[in-house]
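# Reading the structure
The residues making up each chain are set out below.
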Amino acid sequence: LHSSQDRGDGSVKYILSGDGAGVLFIIDENTGDIHATKGLDREEKSYYLLRAQAVDKITGRPLEPESEFIIKIHDINDNEPTFTKEMYTANVPEMSDIGTFVLQVTATDADDPAYGNSAKIVYSILQGQPYFSVEPETGIIRTALPDMNRETKDQYLVVIQAKDMAGQLGGLSGTTTVNITLTDVNDNPPQFTQSMYQVSTLESAPIGFSLGRIKATDADIGENAEVTYNIIDGDGMEMFDIITDKDTQEGIIHVKKPLDFESKRLYSLKVEAMNTKLEPRFLHVAPFKDIATIRVTVEDVDEPPTFNKPYYTIEVDEDAKEGTIVGTITAQDPDASKNPVKYSLDRHTDLDWIFNVHSENGSIFTLKSLDRETSPWHNISIIATEINNSKQSNQIPVYIKVLDINDHAPEFVIFMETFVCDNAIPGQLIQTISAVDKDEPPGGHRFFFEMAPEATRNPNFTIRDNKDNTAGILTRRKGYYQSRVNTYLLPIIVSDNDYPVQSSTSTLTIQVCTCDSAGNLQSCNTEVMSLPAGLSTGALFAILFCIVIFLTVILILFASSKRQRKEEPLTFSKDDVRDNIVTYNDEGGGEADTKAFDIGTLRNPKAIDNKLRRDIIPEAILSVQQTVPLWQSTDVRAFIIQRLHENDEDPTAPPYDSLATYAYEGNDSMVESLSSLESISKDESQDYDFLCDWGPQFKKLADMYGGVDSDRDS
Ligand SMILES: *[C@@H]1O[C@H](CO)[C@@H](O)[C@H](O)[C@H]1NC(C)=O
Ligand SMILES: *[C@@H]1O[C@H](CO)[C@@H](O)[C@H](O)[C@H]1NC(C)=O
Ligand SMILES: *[C@@H]1O[C@H](CO)[C@@H](O)[C@H](O)[C@H]1NC(C)=O
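Per an unreviewed UniProt entry, the protein carries the name Cadherin-10 and comes from Latimeria chalumnae. What UniProt states about the protein under its Function (unreviewed entry) heading is, verbatim, "Cadherins are calcium-dependent cell adhesion proteins. They preferentially interact with themselves in a homophilic manner in connecting cells; cadherins may thus contribute to the sorting of heterogeneous cell types."

Helix and strand content of the protein: 7 helices and 40 strands. The buried share of the protein, reckoned over its 714 residues, is 37%. Once local pairs closer than 6 in sequence are excluded, the contacts in the protein between residues at least 24 apart make up 65%. When the accessible surface of the protein is split by element, carbon and sulfur atoms take 53% of a total near 41,200 Å².

Right, let's get into the packing of aromatic side chains. Scanning the entire structure with this criterion turns up 12 aromatic pairs. Centre to centre, the rings of Phe192 and Tyr197 are 6.0 Å apart; their planes meet at 75 degrees, and the pair counts as edge-to-face. In this structure Phe192 comes out as buried when scored by relative accessible area, which is 9%. By relative accessible area, which is 9% here, Tyr197 ends up buried. Pairing Phe192 with Tyr229 gives two aromatic rings, centres 6.1 Å apart and planes at 50 degrees, and the pair type is tilted. One end of the pair, Phe192, is in strand E15 (residues 191–192); the other, Tyr229, is in strand E18 (residues 227–233), and 37 residues separate them in sequence.

On to the sheet that holds strand E19 (residues 240–245), then. With antiparallel pairing, the 4 strands of this open sheet are ordered in space as E15-E17-E20-E19. Strand pairing shows two members of the sheet lacking a second neighbour, E15 and E19, which therefore form its edges. Relative to strand E17 (residues 210–217), E15 runs antiparallel, the two sharing 2 bridges. What sits directly across from Gln191, in E17, is Thr217.

Near ligand 1 you find Ile325, Thr328, His358, Glu360, Asn361 and Ser363, and these make up its full shell. A distance of 2.4 Å separates an oxygen atom of ligand 1 from a polar side-chain atom of Asn361. Ser363 places a polar side-chain atom, nitrogen or oxygen, 2.8 Å from a nitrogen atom of ligand 1. Contact with the protein chains removes 44% of the 360 Å² of surface that ligand 1 exposes when unbound. The residue inventory of the shell around ligand 1, partitioned by class, reads 1 nonpolar, 4 polar and 1 charged.

Quick look at the site of ligand 3 now. Ligand 3 sits among Asn458, Pro459, Asn460, Arg477, Val485 and Tyr488. Interatomic distance of 2.6 Å between a side-chain N/O atom of Asn460 and an oxygen atom of ligand 3. Between ligand 3 and Tyr488 there is a distance of 3.0 Å, counted from an oxygen atom to a side-chain nitrogen or oxygen. For ligand 3, the accessible surface in isolation is 360 Å², of which the surrounding protein chains cover 53%. Within the shell around ligand 3, the residues separate by chemical class into 3 nonpolar, 2 polar and 1 charged.

Taking strand neighbours across the sheet as the criterion, the 4 strands line up as E7-E14-E13-E10 in an open arrangement whose pairing is mixed. The strands lining the two open edges of the sheet, one partner per strand, are strand E7 (87–93) and strand E10 (122–127). Each adjacent strand pair in this sheet contributes to an overall mean axis angle of 30 degrees, direction not counted. As paired elements, E10 and strand E13 (residues 155–163) share 5 bridges and run antiparallel to each other. For Ser124, the partnering residue across the bridge sits in E13 and is Gln161.

So, about unusual backbone geometry. Omega for the peptide link from Gln129 to Pro130 comes to 5 degrees, which places this bond in the cis form. In this fold, Pro130 is placed in the loop between E10 and strand E11 (132–134). One non-glycine residue, Met95, adopts positive backbone phi at about 60 degrees. Take Met95: it is sitting in the loop between E7 and strand E8 (101–104).

On the surface, Glu315, Asp317, Asp319 and Asp407 cluster together into a patch of negative charge. With respect to the helices and strands, Asp319 occurs in the loop between strand E24 (312–317) and strand E25 (325–328).

Let us look at the side chain of Thr143. Along the polypeptide, Thr143 turns up in strand E12 (residues 140–143). A polar contact is formed between the side chain of Thr143 and the backbone oxygen of Asp97, at a distance of 2.9 Å. A polar atom in the side chain of Thr143 sits 2.9 Å from the backbone nitrogen of Thr100. Residues contacting Thr143, with those up to four places away along its chain left out, are Val92, Asp97, Ile98, Gly99, Thr100, Val102, Tyr131, Phe132 and Met148.

This part takes up the pattern of salt bridges. Counted according to the given criterion, the structure contains 17 salt bridges. A salt bridge links Lys277 to Glu223; its shortest N-O distance comes to 3.5 Å. Highlighted residues: Lys277 in the loop between strand E21 (266–275) and strand E22 (289–299) and Glu223 in the loop between E17 and E18, separated in sequence by 54 residues. Take Lys277: its relative accessible area is 37%, and that puts it in the partly exposed class. Looking at Glu223, the relative accessible area reads 45%, which means it is partly exposed. Here Glu238 and Lys257 are joined by a salt bridge, their closest N and O atoms 3.4 Å apart.

Moving on, we come to the state of the cysteines. Note on terminology: a disulfide is the covalent bond linking the sulfur atoms of two cysteines. Inspection of every chain in the model, using the stated rule, returns 1 disulfide. The partner cysteine of Cys421 in its disulfide is Cys515, sulfur to sulfur 2.0 Å. Looking along the S-S bond of the Cys421-Cys515 disulfide, the torsion reads about -80 degrees, which is the left-handed sense. Taken as a pair, Cys421 in strand E33 (residues 417–421) and Cys515 in strand E39 (residues 503–515) lie far apart in primary sequence, 94 residues in all. Take Cys421 and Cys515: they sit in the same class, and that class is buried.

Let's shift gears to the confidence of the model for the protein. The pLDDT averaged across the protein works out to 80; a share of 78% of its residues lies at or above 70. Of the regions scoring below 50 in pLDDT, residues 616–633 engages in 22 contacts with residues more than four places distant in sequence or in other chains.

Turning to its location among the elements, Asp111 is positioned in the loop between strand E9 (107–108) and E10. The buried charged residue Asp111 lacks any salt bridge partner; its closest oppositely charged side chain belongs to Arg42, at an N-O distance of 5.1 Å. Reaching out from Asp111, the side chain makes a polar contact with the backbone nitrogen of Asp78 at a distance of 3.5 Å. For Asp111, the residues in contact, after removing those within four places along its chain, are Arg42, Glu43, Asp75, Ile76, Asn77, Asp78, Asn79, Ser118, Ala119 and Asp164.

Cut-offs and rules
- Residues numbered from 1 in each chain as written.
- Chains lettered and ligands numbered in written order.
- Predicted model: local features only at pLDDT ≥ 70, side-chain atom pairs only at ≥ 80, totals over all residues.
- Heavy atoms only, no water.
- UniProt positions renumbered as here; feature names shortened; annotations may be inferred.
- Helix = DSSP H or I, 4+ residues; strand = E, 2+ residues; numbered from the N terminus.
- Buried < 20%, exposed > 50% of the residue type's maximum accessible area, 1.4 Å probe, protein only.
- Contact = heavy atoms within 4.5 Å.
- Areas by Shrake-Rupley, 256 points an atom, 1.4 Å probe, with all protein chains shown as cover.
- Phe/Tyr/Trp six-rings, centres within 6.5 Å; stacked < 30°, edge-to-face > 60°.
- Pairing = 2+ DSSP bridges.
- Near = heavy atom within 4 Å.
- Polar contact = N/O pair within 3.5 Å; in protein donor to acceptor, adjacent residues only side chain to side chain.
- Nonpolar A, V, L, I, M, F, W, Y, C, P; charged D, E, K, R; others polar.
- Axes fitted to C-alpha atoms, helices over the stretch in contact; angles between N-to-C directions.
- Patch = residues over 30% accessible without salt bridge, like charges linked within 9 Å, V, L, I, M, F, W, Y side chains within 5 Å.
- Salt bridge = Lys/Arg side-chain N within 4 Å of Asp/Glu carboxyl O.
- Lys, Arg positive; Asp, Glu negative; His and termini not counted.
- Charge placed at Lys NZ, Arg CZ, Asp CG, Glu CD.
- Disulfide = S-S within 2.5 Å.
- pLDDT = per-residue confidence, 0-100.

Following this line, the structure appears as structure tokens:
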């Protein structure tokens, strides 16, 4: 700096202030020369604002006003270009076209771009040629070679230099490294290592059994190397299959159908390996698949006999005779040697020994007669064994169905006893009958009901076939009186419609019973009921009671007859007789029972003539019934008839029922004396009594003791 006031006499002094004054810049106070004290860096501070003044050395007064000035720092190229990253990585697909963009690298230069070329950068490639190139101005890296193959080299280290001063000599430079990886493209087809493979397997190999693995290699990686395998041709296409193992990219050959050495021993397969993901760009270059041939050899295994069906169903009529052949099982040895086969029956399946099999020809025959109704099925098992190797055997189920033959007659379902009400009207249904049959005709049962021939013209009952395997028994008239007929017997025939027709006859017992007007059963005549069949316990007790009484009477009479034997006269005093009479109550049929004993006749003896009495048998009936010979040509008979006659004719005999005493001792009788029941009631009504209706037992006893009238029981 120099002031115009300075005349060079040394009276002026220069002072500096502002940015960096005294530190970076100092001023010579006498001459005004400004010096820099240290090196300056434009990149740090490119200009400084300073003020200077000239003052009088002695007075210290400013000689002129302070002036301001700027010190500008000039740039020199002291900075080299630097890249934003020390190391770059980039990928580019292999086989890319020439000039494919890979990456742009950038370098910066701290120098002043506005001044000179210190900051003008040019890029160049130091390493990586001839594969890659870099654009000098932009730093864009591109591929420089076509057909760069990842399979040959997949990693490239490219070094890029950036140089300032526009790349001129003397410029500063910086470098960076770019790591370029080629990515995979499916440019390689899979390839079998062999064109022909050989595998072998036993014919017994089960379905799904794996025979072996084949592999087609592929130079690509990842999904570009994925391969699927297919059998595309060959005579073994039906028998084998190939699947792909995704982990190893291998093809596994396995058995699809049972093999048989005897029918085919050698198969060939054409197998194709193919990439799953194809790159359209390369399809024209090569077919992305490979084909290999596999030869499969089937090896023989000694096999057990085989049957020509999985099971047998045989039908046989149930009337088949013993020894009948019901069917034949055939088995053969599948091996080439064709060993002969013998047959046997698995006895566990036929414990009852109903069947057997001819061991040489497999014919199954019966050992016993069959009965479908017992077992409709016989499920047996036949074993076929190779004769010279008993280990080679096989079993087969045989289902033998026994076919029905109509060998059972239908049977009535119900217990064949019913009743008819005495007030039944004609055409009334009294019983529905049905039948069952053990046979099982295919079309179901059809039963026919009819009267047995001897009863077809039955005036009392008729049968109506309901056509649904039941039939109704209907009345044909009215007025079924217990007194006339207690029980009707109706023989009925039921037959089926099968061949041969089977039929059975059953007799329906129809009891006549009294009913109320609504048809409800009131009472039946228990007398005709067989004891075990229909008697109530009450009735049984009544009968038992009667028997006990009867025995008591016998005993008493027996004792009294012993006593009386000493008296010759056949009559007794009233008192004696009373001792021998046991009385009990007989309950009559009520007012409606007009046929029961009319008590009025006891009071008026003349009324006898009006009615036919139940308790005395008229002579006419007696004489008819006496034609039944009981004591043919014996003295006893004659004796009794004579005495009976006498008694009947005797006007002095008691008026009502009577029991005559026959003091007759039989011929060689075991007992000492015999006597009939006695009742000598002379004339008084109080002497009259009923006895039990003893029934047949009494008849027998009475006969033993010399007999009374054999038909009437009192
Ligand atoms: C099998 O052999 C038995 C006895 O040798 C013979 O009775 C039967 O008829 C034969 N079966 C066949 C189907 O030839
Ligand atoms: C026998 O086999 C037949 C048909 O498979 C079957 O219906 C029947 O129930 C079997 N019988 C026995 C006793 O196993
Ligand atoms: C029909 O009933 C009468 C009496 O009611 C009897 O005498 C006759 O024997 C009966 N006929 C047959 C076939 O049962």
